[in-house]
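One-letter residues, chain by chain:
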Amino acid sequence: MLSDIKTLLGKDGKRLKKPIFLLVIDALFSMIFYGMLYNVLLDLINNDFTFAKIKTYTIIMSIAFILRVIIIRIGYTGIQTEGAGATKVMRISLGNHLKNLNLGYFNQNSIGSLTNIMTNDLQDFERIITHSISDLIKTFCLSIYLLAITFFIDKQLGLIQAIVILAAVPIIYAGGQKAQKIGKDKKKVIDEVISRMVEYINGIQVFKSYNLIGDKFDRLEKSFRDFKKQSIRTEISIAPYVLIFQTIVDLSFPVLLLIAVSKFGNGNIGSKELLTFSIVNIALTNILRTFSVQYGEFRYLKLASQKLIEVYNQPEIGYIYDKSNFKNYDIEFENVSFAYEEGENILNNISFVAKEGTKTALIGPSGSGKTTITNLIARFWDIDNGIIKISGMDITSLNPDVLLKDISMVFQDVYLLNDTIYNNIKLGNQDASYEEVVKAAEVANCHSFIDKLPLGYETIVGEGGSTLSGGEKQRISIARAILKDAPIVLLDEATASLDADSEFEVKKSIDKLTKGRTVITIAHRLNTIKDADQIIVLNQGKIEEIGNHEELMKNKKRYYGMIEEMEKSKLWAI
Ligand SMILES: Nc1ncnc2c1ncn2[C@@H]1O[C@H](COP(=O)(O)OP(=O)(O)OP(=O)(O)O)[C@@H](O)[C@H]1O
Ligand SMILES: [Mg+2]
């Protein structure tokens, strides 16, 4: 029952033993209240309830109270600290693990599901170790303790009580199974709600422009409706099990009491025993009622540990070497084929060499696989066939973190953190000094616009860089790449959206970024294409033509046609 949790906790699990033990001791101490009730009732029966006795009971209760406060403080603080500590370690290790997974994993899992795992499931797991387990162990120990007392009073009564509990166990177990099954569906619905929420927030501008705001945005509305339905379904399907269990336990109370009274009438047990049994029976009934609720909750929460284990079981990207030993920065593709989804090849038999210090331009229609090629060089995905080498070394043999140290990337869609401009540039090199960050910004031609902002480098850019223009965002991402100062530059140009001035600024900064490096650029501008040492024309995942501008112009094939079109549109623009 606890194997998933043990696996996830690893060595940290041992640290929970002491606080759980203390909480069990506290639970046993809580029985003193029933002990006192027993004494008071006995005194009242015997007409012996004196002031001196009240004083003694008060002192005992006070001491017990102080002891409980101390034990709870140590036990509860202990379990909270240890639990929070263990979950913190898990959060970090899970983050690292996710970083080392193939991007295919993120393709297959919705943003809602991943967010749910990193937030709700981790929180549920923390709740299991800080509350659920100790509550269940406490309740279990108390039940055994009280049952033992009943046996001690009268074996027959104890046996009947044990039979009643055992008869109710399958019901509570079935309730737990149901909670787990329904819980799985509920989690899926929550995944969907989160995905739709993220989609709604990210696309708010678009939805507004189509007047799809609020209840008109049916996708989000539907996910909320499903969530409501699923929550009601969860409550309705678990309630009968808890109700039946509690009814059995509740009914057993008067029945057992009747048996005890008749035993008393027959002289089998004395008045003290009858009194003790009545009190123990009240306590046990209450504890079993609590147990039924706790167990259902535990089974639901346990789903979180299963989901976390599933993530941990995803294989990380494999490698052999932790050091690159590159002698040069030649990039080589040998018969590379690749599919994002099995069976749907995006790249077919791609072979080319990009020599160190040269520029290779990738051109081709939208969807022809240009971005995919750069993503494969950075090993965001692993290829299905062929081999990609840097300096003759298969990149799959190298630790991806080490590989990425040698690569600067400027993506087609610039992503900026909701943080200061300074920190956004510094992402390129965490060890860079303030001066180095400013220098990179100067080289990337963004210093002048940053300097004009009231808060300069300390200006917070909105999430995804929403408060900056397209050209500004791009230059910041180039400054980031310049700061990284890597020998290989992968550049996904997206100059189409820029006006002539911004394009000129971006071009200047790109020139500085790429000087003397091995560059693979996805080029849209005529000049970049013409300047490249090698041009690769892609179409539907295949290389159609390869060569420099002059060679390809002579071929008079697709490249020739494209350049003609570009020249024409340039004339139009003028
Ligand atoms: N993460 C992904 N999962 C599944 N398919 C993808 C993924 N990324 C891209 N594709 C598909 O792979 C093909 C090539 O995409 P790619 O982004 O490499 O094209 P591209 O040449 O860069 O196009 P563009 O000029 O529009 O940027 C497309 O059909 C695209 O739909
Ligand atoms: Mg692209």
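Computed from a prediction, not measured in an experiment: that's the story for all the values here. (Residues numbered from 1 in each chain as written. Chains lettered and ligands numbered in written order. Predicted model: local features only at pLDDT ≥ 70, side-chain atom pairs only at ≥ 80, totals over all residues. Heavy atoms only, no water.)

### A closer look at the overall build of the chain
Summing up its helical and strand segments, the chain has 20 helices and ten strands in all. Here the C-alpha radius of gyration of the chain, 35 Å, is well above what a compact globule of 574 residues would show, namely 25 Å. Seen through its principal axes, the chain has C-alpha atoms that stretch 115 × 55 × 50 Å. Buried residues in the chain amount to 45% of all 574 residues. Contacts spanning at least 24 positions in sequence make up 78% of the contacts within the chain whose residues lie at least 6 apart. Summed over all atoms, the accessible surface of the chain reaches about 30,200 Å², with 59% contributed by carbon and sulfur. When the 66 positive and 65 negative side-chain charges of the chain are each reduced to one mean point, those points stand 6 Å apart. (Helix = DSSP H or I, 4+ residues; strand = E, 2+ residues; numbered from the N terminus. Rg over C-alpha atoms; globule rule 2.2 N^0.38 Å. Buried < 20%, exposed > 50% of the residue type's maximum accessible area, 1.4 Å probe, protein only. Contact = heavy atoms within 4.5 Å. Areas by Shrake-Rupley, 256 points an atom, 1.4 Å probe, with all protein chains shown as cover. Lys, Arg positive; Asp, Glu negative; His and termini not counted. Charge placed at Lys NZ, Arg CZ, Asp CG, Glu CD.)

### Some points on the site of ligand 1
Of all residues adjacent to ligand 1, which total 13 residues, the nearest are Asn107, Ser366, Lys370, Thr371 and Thr372. The contact in question runs from an oxygen atom of ligand 1 to an N or O atom on the backbone of glycine 369, over 3.0 Å. With respect to ligand 1, the side chain of glutamine 412 contributes an N or O atom lying 2.8 Å from an oxygen atom. Expressed as a share of its isolated accessible area of 630 Å², the protein-covered part of ligand 1 is 66%. By residue number, the principal contributor to the shell around ligand 1 is helix α11 (residues 370–377), which donates three residues. Its residues assigned to classes, the shell around ligand 1 comprises four nonpolar, eight polar and one charged. (Near = heavy atom within 4 Å. Polar contact = N/O pair within 3.5 Å; in protein donor to acceptor, adjacent residues only side chain to side chain. Nonpolar A, V, L, I, M, F, W, Y, C, P; charged D, E, K, R; others polar.)

### Some details on the environment of valine 24
On the secondary structure map, valine 24 appears in helix α2 (residues 17–29). Here the alpha-carbon distance between valine 24 and leucine 142, two residues 118 residues apart in the chain, equals 8.2 Å. The residues contacting valine 24, other than those within four sequence positions of it, are Ile137, Lys138 and Cys141.

### Concerning the pattern of salt bridges
Any two side chains of opposite charge can pair, on the condition that their charged atoms come close. With the rule as written, the count across this model stands at 27 salt bridges. Several salt bridges converge on common partners, so that one network encompasses Asp121, Asp124, Lys187, Asp191 and Lys307. (Salt bridge = Lys/Arg side-chain N within 4 Å of Asp/Glu carboxyl O.)

### Some details on the coordination of the magnesium ion (ligand 2)
Protein ligation of the magnesium ion (ligand 2) involves Thr371 (OG1) and Gln412 (OE1), the donor distances falling in the range 1.9 to 2.4 Å. Of the two residues, threonine 371 sits in helix α11 while glutamine 412 sits in the loop between β6 (407–410) and α13 (421–426), which places them 41 residues apart along the sequence. You can call glutamine 412 partly exposed: its relative accessible area is 37%. (Donors = N, O, S within 2.8 Å, 3.2 Å for Na, K, Ca; no water.)

### Overview of the sheet that holds strand β2 (residues 345–354)
The sheet built from four strands is open, its strands ordered β2-β1-β4-β5 with antiparallel pairing. Each end of this open sheet is capped by a strand with a single partner; those strands are β2 and β5 (393–394). Here six bridges tie strand β1 (residues 331–339) to β2, and the two strands are oriented antiparallel to one another. Bridging across to β2, phenylalanine 333 finds its partner in phenylalanine 352. (Pairing = 2+ DSSP bridges.)

### So, the environment of leucine 28
As for its position among the elements, leucine 28 is in helix α2. Leucine 28 sits in the partly exposed class, given a relative accessible area of 32%. Each C-alpha atom of the pair leucine 28 and lysine 568 lies 88 Å from the other, and the pair is 540 residues apart in sequence.

### Some points on the sheet that holds strand β7 (residues 488–492)
Within a sheet, each strand pairs with its neighbour through backbone hydrogen bonds, oriented either parallel or antiparallel. If you walk across this open sheet you meet the six strands as β6-β7-β8-β3-β9-β10, and the pairing is mixed. Here the strands that pair on one side only, and so sit at the sheet edges, are β6 and β10 (542–547). Here the strands of the sheet are splayed against their neighbours by 15° on average, with no regard to which way each runs. Sheet analysis places strand β3 (residues 359–363) next to strand β8 (residues 518–522), joined by four bridges and oriented parallel. Bridging from a neighbouring strand, alanine 361 pairs with threonine 521 of β8. This element, α11, spans β3, β6, β7, β8 and β9 (534–539) of the sheet and lies at about 150° to β8. (Axes fitted to C-alpha atoms, helices over the stretch in contact; angles between N-to-C directions.)

### Re the domain arrangement of the chain
Partitioning the chain into structural domains gives domain 1 (3–187 + 238–312) and domain 2 (329–406 + 519–574). When each unit is reduced to the centre of its C-alpha atoms, the spacing between domain 1 and domain 2 is 62 Å. Contact with domain 1, which involves six residues of that partner, is made by five residues of domain 2. Of all residues in domain 1, Asn102, Leu103 and Asn107 bury the most surface against domain 2, accounting for 74% of the area lost on that side. Joining domain 1 to domain 2, the criterion identifies one salt bridge. Across the salt bridge formed by aspartate 401 and lysine 99, the nearest N and O atoms sit 3.0 Å from each other. In this structure, the connection of domain 1 to domain 2 is made through two residue pairs in polar contact (both at pLDDT 80 or more). The biggest single contributor to the side of domain 1 that touches domain 2 is helix α5 (residues 103–108), with three residues. A breakdown of the residues in the side of domain 1 that touches domain 2 according to their chemical character gives one nonpolar, four polar and one charged. (Domains from an automatic or database assignment. Buried area = accessible area lost by both parts, 1.4 Å probe.)

### Quick notes on a positive patch on the surface
Together, Lys6, Lys11, Lys14 and Lys17 give the surface a local cluster of positive charge. The residue lysine 14 is located in the loop between α1 (3–9) and α2 in this model. (Patch = residues over 30% accessible without salt bridge, like charges linked within 9 Å, V, L, I, M, F, W, Y side chains within 5 Å.)

### As for the environment of leucine 453
Counting through the fold element by element, leucine 453 comes out in the loop between α15 (447–452) and α16 (470–484). With a relative accessible area of 25%, leucine 453 lands in the partly exposed category. When the C-alpha positions of leucine 453 and lysine 222 are compared, they lie 43 Å apart, and in sequence the two are 231 residues distant. Residues in contact with leucine 453, not counting those within four places in the same chain, are Ile421 and Thr459.

### Remarks on the pairing of β7
For β7, the tally of buried residues reaches five of five residues, placing the bulk of the element in the interior. Judged by which residues are buried, β7 turns out to be covered on both faces: Ile488, Leu490 and Asp492 on one side and Val489 and Leu491 on the other are all buried. As paired strands, β7 and β8 are joined by five bridges and run parallel to one another. Residue leucine 490 lies in a different strand from β8, and its bridge partner there is isoleucine 520.

### Brief notes about the packing of helix α7 (residues 155–202) against helix α9 (residues 218–265)
Close contact between α7 and α9 brings their axes to 9 Å; oriented N to C, the two are set at 170°. As the angle between them shows, α7 and α9 are arranged roughly antiparallel. For the contact of α7 with α9, a count of residues per class yields 25 nonpolar, nine polar and ten charged. (Parallel < 35°, antiparallel > 145°, perpendicular 65-115°, else oblique.)

### Quick notes on α2
For α2, which comprises 13 residues, the first-to-last C-alpha distance of 18 Å matches the rise-based estimate of 18 Å (1.5 Å per residue) to within 8%. Buried positions along α2 lie against α4 (51–99) and α6 (111–153). (Expected span 1.5 Å × (residues − 1).)

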